[in-house]
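These are the residues of each chain, in order.
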Amino acid sequence: MTDDGAAVPGGVNDDDTAGTGIDTTVPHSARIWNYWLGGKDNFAVDRAAGDAWEATFPGMREIARASRTFLTRSIQYLAQDAGIRQFLDVGTGLPTADNTHQVAQRVAPEARIVYVDNDPLVLAHARALLTSTPEGATAYIHADLRDPDKIVSEAADTLDFSQPVGLILSGVLGHVVNIDEARSIVRDLMDALPSGSYLSLNDGTSVIGREELEQATQDYNDSGAMPYVQRTPEEIASFFDGLVLVEPGVVSCPRWRPGPAPGDPPAELDAFGGVGRKP
Amino acid sequence: MAWAGDEPRGPTVLRMILGSQLRRFREAAGVPPEQAGYEIRASRSKISRMEHGRVGFKSRDVADLLTLYGVQDDQVRATMLALAEQAGTPGWWSMYDDILPDWFEVYLGLEGAASVIRTFELQFVYGLFQTEEYARAVTVLGNETASAEEVDRRVSVRLTRQSLLTSPEPPQVWSVMDEAVLRRPVGGLTVMRAQLAHLLDVAGLPQVTLQVVPFAQGGHAAAGGSFSVLRFAEPEVPDIVYIEQLTSALYLDSRAEVDRYLEVMDTLSAQALSPARSASFLAEIAKEI
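This report concerns the structure included in the present document.

Reading the values: the criteria
Residues numbered from 1 in each chain as written. Chains lettered and ligands numbered in written order. Predicted model: local features only at pLDDT ≥ 70, side-chain atom pairs only at ≥ 80, totals over all residues. Heavy atoms only, no water. Helix = DSSP H or I, 4+ residues; strand = E, 2+ residues; numbered from the N terminus. Buried < 20%, exposed > 50% of the residue type's maximum accessible area, 1.4 Å probe, protein only. Contact = heavy atoms within 4.5 Å. Lys, Arg positive; Asp, Glu negative; His and termini not counted. Charge placed at Lys NZ, Arg CZ, Asp CG, Glu CD. Axes fitted to C-alpha atoms, helices over the stretch in contact; angles between N-to-C directions. Parallel < 35°, antiparallel > 145°, perpendicular 65-115°, else oblique. Left-handed = near helix turned anticlockwise from the far one by under 90°. Nonpolar A, V, L, I, M, F, W, Y, C, P; charged D, E, K, R; others polar. Phe/Tyr/Trp six-rings, centres within 6.5 Å; stacked < 30°, edge-to-face > 60°. Lys NZ or Arg CZ within 6 Å of the ring centre and 35° of its normal. Pairing = 2+ DSSP bridges. Expected span 1.5 Å × (residues − 1). Polar contact = N/O pair within 3.5 Å; in protein donor to acceptor, adjacent residues only side chain to side chain. Salt bridge = Lys/Arg side-chain N within 4 Å of Asp/Glu carboxyl O.

### What about the overall build of chain A?
When its secondary structure is counted, chain A shows 9 helices and 8 strands. Summarising its shape, the C-alpha atoms of chain A cover approximately 55 × 45 × 35 Å along the three principal directions. Per-residue burial for chain A yields a buried fraction of 55% across its 279 residues. Sequence-distant contacts in chain A: of pairs separated by 6 or more residues, those separated by 24 or more amount to 73%. Charge separation in chain A, taken as the distance between the mean sites of 21 positive and 41 negative side-chain charges, equals 5 Å.

### Re the packing of helix H4 (residues 59–68) of chain B against helix H5 (residues 74–87) of chain B
All names here are of chain B. Viewed as axis vectors pointing N to C, H4 and H5 meet at an angle of 150°, and their least axial separation amounts to 9 Å. Taken together, H4 and H5 sit at an angle that is classed as roughly antiparallel. Considering how the two elements wind past one another, H4 and H5 form a crossing that is right-handed. Of the residues in H5, those in contact with Ser 59, Val 62, Ala 63, Leu 66 and Thr 67 of H4 are Arg 77, Met 80, Leu 81 and Ala 84. Its residues placed into classes, the contact of H4 with H5 shows 6 nonpolar, 2 polar and 1 charged.

### With respect to the packing of aromatic side chains
If you walk through the whole model with that rule in mind, you get 11 aromatic pairs over all chains. Seen from their ring centres, Phe 227 of chain B and Tyr 261 of chain B are 5.1 Å apart, and the 65° between their planes marks the pair as edge-to-face. With Phe 227 of chain B in strand S4 (residues 227–231) and Tyr 261 of chain B in helix H11 (residues 255–271), this residue pair connects regions lying 34 residues apart in the sequence. Both rings, one in Tyr 242 of chain B and one in Tyr 251 of chain B, keep their centres 5.2 Å apart while their planes meet at 50°; by these two values the pair is tilted. For Tyr 242 of chain B, a relative accessible area of 5% translates into the label buried. Judged by its relative accessible area of 26%, Tyr 251 of chain B falls in the partly exposed class. Each member of the aromatic cluster is reached from another via a ring pair, and the members are Trp 33, Trp 36, Trp 53 and Tyr 220 of chain A. In this structure, Arg 257 of chain A packs its charged tip against the face of Trp 256 of chain A, placed 5.5 Å from the ring centre. Over the aromatic face of Trp 174 of chain B sits the side chain of Arg 118 of chain B, whose NZ or CZ is 4.0 Å from the ring centroid.

### Digging into the sheet that holds S4 of chain B
All names here are of chain B. In space, the 6 strands of this open sheet follow the order S3-S2-S1-S4-S5-S6, with mixed pairing throughout. Since the sheet does not close on itself, it has two edges, and those belong to strand S3 (208–213) and strand S6 (249–252), each with one partner. On average, each strand axis in the sheet is tilted by 15° relative to the strand beside it, whichever way the strands run. Sheet topology places S4 next to strand S5 (residues 240–244); 3 bridges connect them, and they run antiparallel. Bridge pairing in S5 places Leu 230 opposite Ile 240. In this fold H11 packs onto strand S1 (116–121), strand S2 (172–178), S3, S4, S5 and S6, with an angle of close to 110° to the strand it touches most, S4.

### Here we look at helix H7 (residues 179–191) of chain A
With 13 residues, H7 of chain A should cover 18 Å at 1.5 Å per step; its first-to-last C-alpha distance of 18 Å lies within 8% of that length. Capping the start of H7 of chain A is the job of one residue whose side-chain oxygen sits 2.8 Å from the backbone nitrogen of Asp 180 of chain A: Asn 178 of chain A.

### Quick look at the pattern of salt bridges
For the structure on display, the rule yields 26 salt bridges over all chains. Residue Asp 259 of chain B pairs with Arg 47 of chain A through a salt bridge whose shortest N-O separation is 2.8 Å. Here Asp 259 of chain B is found in helix H11, whereas its partner Arg 47 of chain A is found in helix H2 (residues 44–56) on a different chain. For the pair Asp 259 of chain B and Arg 47 of chain A, one class covers both residues: buried. The partner of Arg 153 of chain B in a salt bridge is Asp 98 of chain B, and the shortest N-O contact between them spans 2.7 Å. With Arg 153 of chain B in helix H8 (residues 148–162) and Asp 98 of chain B in the loop between H5 and helix H6 (102–113), this pair connects stretches of sequence that are 55 residues apart.

### Considering the side chain of Glu 179 of chain B
All names here are of chain B. Considering the arrangement of structural elements, one finds Glu 179 in helix H9 (residues 179–183). Residue Glu 179 is classed as buried on the basis of its relative accessible area, which comes to 3%. At 2.6 Å, the side chain of Glu 179 forms a polar contact with the backbone nitrogen of Phe 215. With near-sequence residues (within four places) excluded, Glu 179 lies in contact with Val 212, Val 213, Pro 214, Phe 215, Phe 281 and Ile 285.

Okay, here's the thing in structure tokens:
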């Protein structure tokens, strides 16, 4: 745990609480995502925003599920095929089925996972519900994606940075609107990890849904929610510069190692991702 | 089928699952509630109560409704009828019928079927975390005229409920409590010391999360008082807010009301000390008293 310093009755350490910033008057991306994935941790404003998005672009739940199952398959790959035992999951989101530590610890109960989020609601839920196997460890860091130094220094309490780490950035870099800033965040985080570490990243695109999806995003960003930007598959691939991409490279999420299935490859959707290894 | 679980679920939630499936079939078939009621010789409001899981089901009624709704798949029909039968099987608490009010028996059914129980407590230690002696002290406070035998039976209901925590598939219990809960020596100092030690043990269970809102926090979000939110694994069953009152209880399951309480619960969870800090805070208080 990163937060187990002693508290004294009568005194409150400001860093200790997740904060009180739960606002149910503006849509909240983790809660909308929870709604699309069939969860119950969402409020009227989130369901309205999620429904409005789907009214403009009906395929959104499918994209949400595809992004989630990509995350699951990539962690499974990292734990099973690449032998990764430490994970740094930045932009955790609200707990759902098959969270990062559950997938990793199913393969390797001793796996250690650090979750990072800057949202007080997500942090409170993660601390309560994302609990580790006895053999492994889970920890939670309250930090912003834009503060890689804080993330790395606090994660070092739980992860051994001399050993490979799997960095997870699932559907979160779209919240960093400036692509140069987004690239520099990925670079800073990967620089802190040793050779043999991996990056699993996926984000939204609009190469298939095009105008409808762009319109839905525009309406969403106008609602007062934290803005999100869709990128091209090429821009998403550029986050892997300097890394060696694992087959099949950066592809639409349903096509990333879908497993043996007869017939045609799964249809492409507007979520692209890949897994890369640091040489 | 999503609602066909293998574990014993307790009658209440089975009724809710069955009811919500019946509603879905009825709506898909475009049958108004009046017509459904007529089919089974009942009123529109009976159909509504059935669909909300508030009343039991006769197998014949379920079969007739499925036919009316055009549900012909043998497997679906068999599952629905099996659910109706299971929902009619009484829970373990039926042997305490004489001392438990109906509204509390409903709660026991829901509690036993929940996948996540979130609770906020202002005054007393949460029921599933009480020691036998603490439970006895609380019971006597609430039932001053009860005979020794009745007190024993009430305490034994509480202890039987606690086996939920050690069952093969326990619910996740996420409990937030005010510092007052830890400070008020219900049953005297000796009982309270043992209770605090027990709370520390319980907090160590993997499926239990315990958080304290310290006095130093100032005012907090739960202006109303203690309440619980029960969540069920089935996507079609809504969260239920449970608020116990002196002579009855409130069950809220409308989305607007649940939203309001969920927001307060989330705010309290974020305001409270983290689970790790709460444990050390609790240990400090245990040393003080």
